[in-house]
Amino acid sequence: MSWGTELWDQYDNLAIHTNKGIEFLDKYANFIRDRLAIETEYASKLRRLVKNYQPKKKEEEDNEFTSCQAFRKVLNEISDLAGQREVVAESLQLQIIQGISLLSKTLRDERKKCLSNGTYLHQNLTTQLAALDRAKRNYEKAYRDSEKAVDNYKKADMDLNLSRAEVERYKNIMTAKIQQSDDAKNEYANQLQKSNNLQQQHYHELLPEVFNRLQELDEKRTRGIREFIIGAADVESSVAPIIARCLEGMVKAGESINEKEDSYKVIERYQSGFTPPSDIPFEDLSKLDTLDSSQESHFNHVQSSHLTVKGTISANKIKKRVGIFNIFGGNKNSLTADGQKEDFSDLPPNQRRKKLQAKIGELQQKIQQETAARDGLMKMKVVYEANSSLGNPMTVEGQLNESEHKLEKLKMDLKKYQGYLEKANQIPMANNSPQANRTSSMNNGHRSSRHSNGSTEDNNYDGDFQPDDAGSLSRSDSEDNVAQIQNGHNNNNNGSASPESGLGTSHTSLPGSGHGSAHENAMGEDAYYETEMEPLQPLGTCRALYPFEATSEGSIPMNEGEELQVIEIDQGDGWTRVRRMNNSNGWDEGFVPTSYIECTLYA
């Protein structure tokens, strides 16, 4: 079936049809462009979604749970999925959009040429038919004129009144008209033959060729749309296996979640190592000898409860300073950057062991790195000594000494923390539990505790032992009691402390500090004198901006511009603990207003 033979008289309709076909191709191109935009936007929103839900640094501890790890894997798979959508968009742009644009331009150019050729052929045929029509009209006029001339000659020849010359003239006119009629007839016949030949050629050869070319263009357009639709589907199919693997990864991530393992990790993270408190014994007041022993038993109960709650619930919280009178007694451990003790003795036993093990692993890794760096410097030095043109060995000497110093310091720190870990492993769990603290002595080295049955029990207290975390007797608490004893008053008499001290309002003060008896105060004094005194490690230096006169217990005066050591930073009460060298008795320690000094802490 050919357009040239079947549609020989549908030139205008074919021109309209081919134009609509190209417009449909452009419409499909716009559809692909819109889909490309959707794919790009979808990929962009997926990536933004993954970015918004990426775990933050402060959530790193939660990433150890299998559910969090699975979610992180899902985010990675979704990121890969977004990448595949971007691949689809890019392939549609390169393979489909550009192909359609090129095909549409080619079809429009070829269609324009075909229509121009068809228009030219129509104009030639129209011109020939017009010439034929003119020749026909000329022949008809000449024929009528010749017939009229013949009739005039016949009338003149029969008219006897006309002369011979007149008759001869009519005869010559007749002969001329007949000749003109014959010439017009021949011209008409000639134009008719030319018109028939041209028309035959036009409708059987020239115009069918144009229509066939239009048919080829339309079929090429249709074939192109088919290939583009299949190509778009192939683009989608090419990424389908990768998308399927992404979905499989999500399924595997979901299957990797283990609720039992997460529960175990929760235990590992928060287990304090304490044992639950035992039953509270019944106290028969009728069997108690004195009111002091009753108060002492009540004090033991309150403190054990305080230790149990604080030691298990808020084991990881940093203790705040309750006053400025914690200059008495010693602190064997300097504080780390996050406020914890250097040996982590303020943590529960399990948490302390984990922290120490992590610190040891970190130090071992640093030692390996520093050892590798030192070995590299030594090799470089050997090379420089062998060939001085490569470099001066003395330039490496300083770096080598610094590396040796760092390595030696790391090894000392490793040995120190290994000692901390060994000491932590030697302490039984029960000694750190609230149950053990309930029956242990409070402050003195050897104390007798009376039970409800009236009997006494001796308990030894090691001055070096420190209960863990917030459940322990903090240094500030115990030292506050000592300061009160030395000042000769207690809170039971509503004695007011100085505004600078921060005493009297702290929720972490000892349960018996506000209502303790003289016996308990004496007990605290014994504990103070038996505690081993060691100076605190300085955290930095400070310079006095203004002069300060000490007006309360625990504070020390200072002069403007004086340099002091910082041994305890401001805990939110507006006071900083400092120390200065004193030629008479060694050191002076006390508190100064934070706003009066300019601090420079060590790195």
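Being a predicted model, the structure only gives us computed values, none of them experimental. (Residues numbered from 1 in each chain as written. Predicted model: local features only at pLDDT ≥ 70, side-chain atom pairs only at ≥ 80, totals over all residues. Heavy atoms only, no water.)

### Considerations on the pairing of strand β5 (residues 575–582)
Each regular strand shows side chains that alternate between the opposite faces of the sheet.
No. 1: The buried fraction of β5 amounts to seven of the eight residues, a majority that puts the element mostly inside the structure.
No. 2: What sits between the antiparallel neighbours strand β4 (residues 563–568) and β5 is a turn of six residues, in which glycine 572 has the positive phi angle 105 degrees. (Buried < 20%, exposed > 50% of the residue type's maximum accessible area, 1.4 Å probe, protein only. Helix = DSSP H or I, 4+ residues; strand = E, 2+ residues; numbered from the N terminus. Pairing = 2+ DSSP bridges.)

### A word on the UniProt feature "coiled-coil region" (unreviewed entry) in the protein
No. 1: In the UniProt entry, the feature "coiled-coil region" (unreviewed entry) is given for residues 122–156.
No. 2: Each end of residues 122–156 is marked by a C-alpha atom, and these two atoms are 51 Å apart; helix forms 100% of the span and strand 0%. (UniProt positions renumbered as here; feature names shortened; annotations may be inferred.)

### Comments concerning the side chain of glutamine 191
No. 1: Tracing the backbone through its elements, the reader meets glutamine 191 in helix α4 (residues 164–255).
No. 2: In this view, glutamine 191 contacts Gln128, Ala131, Leu132 and Ala135; residues no more than four positions away in its chain are not counted. (Contact = heavy atoms within 4.5 Å.)

### Considerations on a nonpolar patch on the surface
No. 1: On the surface, a cluster of nonpolar side chains totalling about 310 Å² of accessible area is made up of Leu49, Tyr53 and Phe71.
No. 2: When you line up the elements, leucine 49 lands in helix α2 (residues 11–52).
No. 3: Its relative accessible area of 39% is what places leucine 49 among the partly exposed residues. (Patch = residues over 30% accessible without salt bridge, like charges linked within 9 Å, V, L, I, M, F, W, Y side chains within 5 Å. Areas by Shrake-Rupley, 256 points an atom, 1.4 Å probe, with all protein chains shown as cover. Salt bridge = Lys/Arg side-chain N within 4 Å of Asp/Glu carboxyl O.)

### A look at the pattern of salt bridges
No. 1: Going through the model one piece at a time under the given rule, you end up with 23 salt bridges.
No. 2: We note a salt bridge from arginine 137 to aspartate 133, for which the minimum N-O separation is 2.0 Å. Remark: aspartate 133 and arginine 137 occur in helix α3 (residues 66–158); sequence separation between them is four residues, near one turn of the helix.
No. 3: Judged by relative accessible area, which is 38%, aspartate 133 ranks as partly exposed.

### Thoughts on the confidence of the model for the protein
No. 1: The pLDDT averaged across the protein works out to 75; a share of 72% of its residues lies at or above 70.
No. 2: Counted against residues more than four places away or in other chains, residues 297–332, with its pLDDT under 50, gives 127 contacts. (pLDDT = per-residue confidence, 0-100.)

### Brief notes about helix α8 (residues 393–426)
No. 1: Taking 1.5 Å per residue, 34 residues should reach 50 Å; α8 reaches 49 Å between its end C-alpha atoms and fits that length.
No. 2: Turning to α8, its buried residues number three or more, namely Pro393, Val396, Leu400, Ser403, Leu407, Leu410, Asp413, Leu414, Tyr417, Tyr420, Leu421 and Ala424.
No. 3: Tucked into the core, α8 has its buried residues touching α7 (349–386). (Expected span 1.5 Å × (residues − 1).)

### With respect to the packing of aromatic side chains
No. 1: This structure, assessed with the given rule, holds nine aromatic pairs.
No. 2: Relative to tyrosine 596, the ring of tyrosine 546 lies with its centre 5.7 Å away and its plane at 80 degrees, an arrangement referred to as edge-to-face. Here the residue tyrosine 546 occupies a position in the loop between β3 (540–544) and β4, and tyrosine 596 occupies one in the loop between β6 (586–593) and β7 (597–601), the gap between them amounting to 50 residues.
No. 3: Take tyrosine 546: its relative accessible area is 45%, and that puts it in the partly exposed class.
No. 4: Here a set of aromatic residues connected by ring pairs shows up, and it is made of Tyr546, Phe548, Trp575 and Tyr596. (Phe/Tyr/Trp six-rings, centres within 6.5 Å; stacked < 30°, edge-to-face > 60°.)

### Brief notes about the packing of α7 against α8
No. 1: For the pair α7 and α8, the least separation of the axes is 8 Å and the interaxial angle reads 160 degrees. Comparing their axes, α8 and α7 come out roughly antiparallel. The two elements α7 and α8 meet at a crossing, and its hand is left-handed.
No. 2: Tallied by class, residues from the contact of α7 with α8 come to 18 nonpolar, eight polar and 13 charged. (Axes fitted to C-alpha atoms, helices over the stretch in contact; angles between N-to-C directions. Parallel < 35°, antiparallel > 145°, perpendicular 65-115°, else oblique. Left-handed = near helix turned anticlockwise from the far one by under 90°. Nonpolar A, V, L, I, M, F, W, Y, C, P; charged D, E, K, R; others polar.)

### Concerning the side chain of arginine 374
No. 1: By secondary structure assignment, the location of arginine 374 is in helix α7.
No. 2: Apart from residues no more than four positions distant in its own chain, arginine 374 is found in contact with Leu400, Ser403, Glu404 and Leu407.

### Points about the state of the cysteines
Two cysteines, two sulfur atoms, one covalent bond between them: this is a disulfide.
No. 1: Tallied over the full model, the rule gives zero disulfides.
No. 2: Take cysteine 542: it sits in no disulfide, and the sulfur closest to it among the cysteines is that of cysteine 599, at 5.0 Å. (Disulfide = S-S within 2.5 Å.)

### Describing the environment of alanine 373
No. 1: Within the fold, alanine 373 resides in helix α7.
No. 2: C-alpha separation for the pair alanine 373 and leucine 407, spaced 34 residues apart in sequence, amounts to 10.0 Å.

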